[in-house]
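Working through the structure, step by step
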Amino acid sequence: MKRKVLYLLVVFALVLGTVSVVDANHSWGSYHWARTANPFTLKLGDNLSPSWDPFLRTTSNDWSLSSVINTTIIGGLKNARTCKPTLGRAEICNYKYGRNGWLGIASIWVNGGGHITQGIVKVNDTYFNSAPYNTTAWKNLVMCQEVGHIFGLDHQDEDFNNLPLGTCMDYTNDPIPNQHPNAHDYEMLEGIYTHLDTTTTLSQTSTFPGRGVLEPRDVNLDEIREWGKQIKKSSNRRSSMYEKDLGRGDRVFTFVVWADQEASTDNRER
Amino acid sequence: MNMKVIAIIFALIAVGMIFWYLEEIRSRDSNRGNYDSPPTATSADNAPLGSIHNLPVPEAVIQAKIYAATNVGIELGKIIVLTAYEKNWPDGCLGLARADEFCTQVVTPGWEITVQAKGETHIYRTNGDGSVIREQ
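No experiment lies behind these values; they were computed from the predicted model shown. (Residues numbered from 1 in each chain as written. Chains lettered and ligands numbered in written order. Predicted model: local features only at pLDDT ≥ 70, side-chain atom pairs only at ≥ 80, totals over all residues.)

**What about the overall build of chain B?**
Secondary structure summary: chain B contains two helices and five strands in total. Reading the secondary structure of chain B in the N-to-C direction produces α-β-α-β-β-β-β. Among the 136 residues that make up chain B, the fraction classed as buried is 26%. Looking at chain B alone, contacts between residues at least 24 apart form 52% of all its contacts between residues at least 6 apart. (Helix = DSSP H or I, 4+ residues; strand = E, 2+ residues; numbered from the N terminus. Buried ≥ 20, exposed ≤ 12 C-beta atoms within 10 Å, placed from the backbone. Contact = placed C-beta atoms within 7 Å.)

**Examining the confidence of the model for chain A**
Averaged over chain A, the pLDDT score is 79; the fraction of residues at 70 or greater is 66%. Between residues 260-270 of chain A, whose pLDDT stays under 50, and residues either more than four places distant or in other chains, the model counts eight contacts. (pLDDT = per-residue confidence, 0-100.)

**Considerations on the sheet that holds strand S4 (residues 120-127) of chain B**
The strands making up a sheet associate through backbone hydrogen bonding, with each pair oriented either parallel or antiparallel. All names here are of chain B. Taken together, the four strands give an open sheet; going across it, the order is S2-S3-S4-S5, and neighbouring strands pair in antiparallel fashion. The two strands at the open ends of the sheet, each matched to only one other strand, are strand S2 (80-89) and strand S5 (133-135). Taken over all neighbouring pairs, the strand axes of this sheet differ in orientation by 25 degrees on average, direction set aside. In the sheet, S2 pairs with strand S3 (residues 108-117) via nine bridges, with the strands oriented antiparallel. For Ile80, the partnering residue across the bridge sits in S3 and is Gln116. Contacts from helix H2 (residues 59-72) reach S2, S3, S4 and S5 within the one sheet, and its direction differs from that of S3 by about 45 degrees. (Pairing = 2+ DSSP bridges. Axes fitted to C-alpha atoms, helices over the stretch in contact; angles between N-to-C directions.)

**With respect to the nonpolar core**
Formed by 65 residues in total, the largest nonpolar core has its most connected members in Leu103 and Val121 of chain A together with Ala64 and Ile113 of chain B. Beyond its immediate sequence surroundings of up to four residues, Ala64 of chain B is in contact with Ile113, Val115, Tyr124, Thr126, Gly130 and Ile133 of chain B. (Core = buried A, V, L, I, M, F, W, Y, C linked by C-beta atoms within 7 Å.)

**Let's talk about the pairing of strand S5 (residues 104-110) of chain A**
Within S5 of chain A, seven of the seven residues are buried, which leaves it mostly tucked inside the rest of the structure. Because side chains alternate across S5 of chain A, one face comprises the buried residues Gly104, Ala106, Ile108 and Val110 of chain A, and the other comprises Ile105, Ser107 and Trp109 of chain A, equally buried. The pairing of S5 of chain A with strand S6 (residues 115-124) of chain A spans seven bridges and is classified as antiparallel. Of the residues in S6 of chain A, the one forming a bridge with Ile105 of chain A is Lys122 of chain A. The hairpin turn running from S5 of chain A into S6 of chain A, its antiparallel successor, is four residues long, and Gly114 of chain A in that turn takes a positive phi close to 80 degrees. Bridging between S5 of chain A and strand S1 (residues 41-42) of chain B involves two bridges; their strand directions are antiparallel. Note on S1 of chain B: the bridge partner recorded for Ser107 of chain A is Thr42 of chain B.

What follows is the structure in C-alpha cells.
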C-alpha cells in the first residue's frame, strides 16, 4: 500500500512537470490569449472604412456567442496600410494591398509562454472591390475566418471540394453556407480556453501607456480620414485645420488649402 | 528512511514544481511581445494553392517569392507577400541603376512587390513577367 502511494506521488510529480494546457484538434499551434477568467473580452480595433464596418459587427457578434469569448469593437489607432499591431488587442484593417494572393490574412505575435500578445487582420480591397469577391458572403467568410484565427483557431477543413461544413473556418469555393462559425468552432474555443492562466496578455485599457499608441510615422497623410477632427476653417471655407490625437499628448495638425469650394464642402460632410 | 518521510519529500517537490511552473509562466508573460518584431505566425503560412490565403498571382509575384525564398533560405510557403502593385519603372534597370551601369531609357512596366521573410521586409522591383528582379 505504501509503495502504491509512493508510485502515485512520482506520477503526480512527473505530470506536473509536463503539464499541457491545450487539447484541441483544430487549434492554431496551441496559441491562445492568456487571461485569468472566462469569459474574457478581446478588443477589436476598427481601422476599417465604413463599408466594412457591418462585416466586423457581424463577426464580433458571431464570435461573442461563444461561452468563453466576448469581443468588443473599439476605435482603431492605426494606419490601415501598414496596420501595425497594438499589444493586448487585435487591429482590423482594410486597404488595397494589391494582387498579393490573399483575400485576408491574420497575424499573431506569441510570447515565450505560448500566449498571444497581439494580432492583426487585414482584408484586401484589391480583390474585394471586384467580382467574384465583392459580395456579402465572401466578406463575411473572410472577416469571420481571420478573426477566428486571432483567437487561436485553425481551419476545420482544407478540402475545397468536399461538402461545406457550415463554418467560416472551412476552406471552400462556396462562401454562402460558410459565413459564420458553427457549433464545433465554439466547442474548440471552449477546449482551448478551458484552463485559466495566472496572468493576462489582454489589454485592460484602450491603449498601453507609452507603447501601442499611434506613432507619427504611422499617420498616412495621403488619406483624408487620417487627418482627424476638423478644428478650424477659414470664413471663406478655402482652408481648414485638422487635429489627430496620437495619444500620450502627441498630436498631428494638418493644414489644408482647398483647391475649390466643392472639395471643401465634400470633406466637411464626410 | 521510512515511507512517510519519502512521501513528504515527494509532496514538497511537487509543490515546489507547481510554484516553479507558475513563476515561469508569469515571467514569460511579463516579457510581452516586441512591438516591432515579426509575427509568430500568419494564416497564409503554407496555405494551399487556391485558398483565400493563396490565390493565383501574376507571374512576377511568383518569381519574386521564389527569389526571396532562395535568397533568405526558407521554404516558399513561408514567404508572405504583403503588397504587390503594378508600376511603370523609368528605365530598363527598373529605376535602380548600379554605378556606371547603362540602362535602356524606356519606360518599363513591372511590379513593386513587398514580401515578409523570416521577419524581414524586402521590397523588390520586377519587370512585367518577373524575369528581371532587383531589390530596392
